[in-house]
Amino acid sequence: MSEPRIIFIGAGNMARAIIAGLRRRGIAGGDIAVHAPHLERREALAREFGVISRAAEAVPVAADATVVYAAKPKQIGTILPSWRAALEAGPGIFLSLAAGVTSASLKRLLGPKVPVLRCMPNTPAQIGAGMTTLYADASVTAEQRAAAEAILAAVGRCLWLEDEGLMDAATALAGSGPAYVLLFLEALEDAGVFQGLPRATARILAQETVLGAARLAKEAQMAPSNLRHQVTSPAGTTAAALAVWEEGLRALAQRAVQAAVDRGRALAQMTEEHNQWISNLSVSIAQLTSLILTLLSGPLSSAPSSRGRIPIPTTPWYAYWTGSRHPSYTPFNG
Ligand SMILES: NC(=O)C1=CN([C@@H]2O[C@H](COP(=O)(O)OP(=O)(O)OC[C@H]3O[C@@H](n4cnc5c(N)ncnc54)[C@H](OP(=O)(O)O)[C@@H]3O)[C@@H](O)[C@H]2O)C=CC1
Ligand SMILES: O=C(O)[C@@H]1CCC=N1
């Protein structure tokens, strides 16, 4: 069997949605692999979509593979370093779904050779009605962009952003957006129930109204304000309601999207700091290991170490106990 060409790191909501879309588009299950820690979750995807289920650990990947990061942003600093070698080996691409994590941050984790792309889908992807924004810097070829877009196009519409700085705004608007619309839907349904409508009726009315208005806005190709004027009779019911909505809706929308943007940036900063912390920790562990090995292997000499700080011993540690050197022992520095 040939190696899978699309490899998901993570088997959660977004991975599932995209895999479902890829399968609908006719991509074979054997062409897709899913890596995740919990056997149950990834096996469920394997059963449902026929994909290959694998443990979380990194493995070598096909030379032209696309590795899709669909685990949480805060884990990226601990997960990605183990994938670096696999990605550096081939001309494949790395596609990140992680909210807020910048290309620069990803390149620091994967090295400069790996083509890095970012995308921000949303949950309507589950039914093929997703809206995804994508970003790649100038080093990414048209072919690599097309490979990434082909994956996301399986779950809805795609739009490329030229400025990575706008990914936070796109995340706040469309990535998180379904939650805002669903909250509005819930509030509308409750308001209908408050007026005496049966809940089931209020739900259908709210759903169909939101859906119909969104479709009208899309298909009529007119500004929402023009379409809104068509509904609003002078001194009518709509005008009365709009006066109430206008008391705070626009300001709330501004504040809500701003809060999401701010949170995205804070998460990115935290991820960056976490990555730095992990990287410092690895250096400290390496230094500590070197120091311990050094101390275990003999008395301290005044020879300068490679890092300029750690003294290098010239006599193995057991010489202190046996009074002699082990016959097979060759000290690092003669
Ligand atoms: N939810 C949304 O609306 C959107 C989310 N995103 C982004 O998509 C990404 C995924 O989000 P979502 O699907 O909601 O998250 P979920 O929590 O549903 O899924 C996260 C997955 O990551 C897996 N995971 C944890 N540790 C590892 C590891 N070491 N190696 C491999 N996989 C691991 C988990 O495995 P296990 O199942 O075994 O625990 C889980 O399957 C995030 O980066 C998020 O920012 C982007 C757009 C929209
Ligand atoms: O809430 C989040 O952080 C993710 C990103 C966009 C949607 N969900």
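What counts, and where the lines are drawn
Residues numbered from 1 in each chain as written. Chains lettered and ligands numbered in written order. Predicted model: local features only at pLDDT ≥ 70, side-chain atom pairs only at ≥ 80, totals over all residues. Heavy atoms only, no water. UniProt positions renumbered as here; feature names shortened; annotations may be inferred. Salt bridge = Lys/Arg side-chain N within 4 Å of Asp/Glu carboxyl O. Helix = DSSP H or I, 4+ residues; strand = E, 2+ residues; numbered from the N terminus. Near = heavy atom within 4 Å. Polar contact = N/O pair within 3.5 Å; in protein donor to acceptor, adjacent residues only side chain to side chain. Areas by Shrake-Rupley, 256 points an atom, 1.4 Å probe, with all protein chains shown as cover. Nonpolar A, V, L, I, M, F, W, Y, C, P; charged D, E, K, R; others polar.

As named in an unreviewed UniProt entry, the protein is Pyrroline-5-carboxylate reductase, taken from Acidithiobacillus caldus. Turning to the protein, the UniProt annotation filed under Sequence similarities (unreviewed entry) states: "Belongs to the pyrroline-5-carboxylate reductase family." The heading Function (unreviewed entry) in the UniProt record of the protein holds the text "Catalyzes the reduction of 1-pyrroline-5-carboxylate (PCA) to L-proline."

Colleague: An account of the pattern of salt bridges is requested, with residue identities and associated values reported.
Modeller: Scanning all chains against the criterion turns up 13 salt bridges. Note that Glu-48 and Arg-16 form a salt bridge whose closest N and O atoms lie 2.4 Å from each other. Highlighted residues: Glu-48 in helix 2 (residues 39-49) and Arg-16 in helix 1 (residues 13-24), separated in sequence by 32 residues. Its salt-bridge partner being Glu-164, residue Arg-118 comes within 2.7 Å of it at the nearest N-O pair. Placement of the pair is Arg-118 in strand 6 (residues 116-120) and Glu-164 in the loop between strand 8 (156-160) and helix 7 (167-175), with a sequence separation of 46 residues.

Colleague: Could you give me a rundown of the site of ligand 1, with the residues and numbers involved?
Modeller: Around ligand 1 lies a shell of 24 residues, among which Ala-11, Asn-13, Met-14, His-38 and Ala-71 are the nearest. The backbone of Ala-71 places a nitrogen or oxygen atom 2.7 Å from an oxygen atom of ligand 1. Relative to its unbound accessible area of 900 Å², ligand 1 is 83% covered by the protein chains. Its residues assigned to classes, the shell around ligand 1 shows 15 nonpolar, 7 polar and 2 charged.

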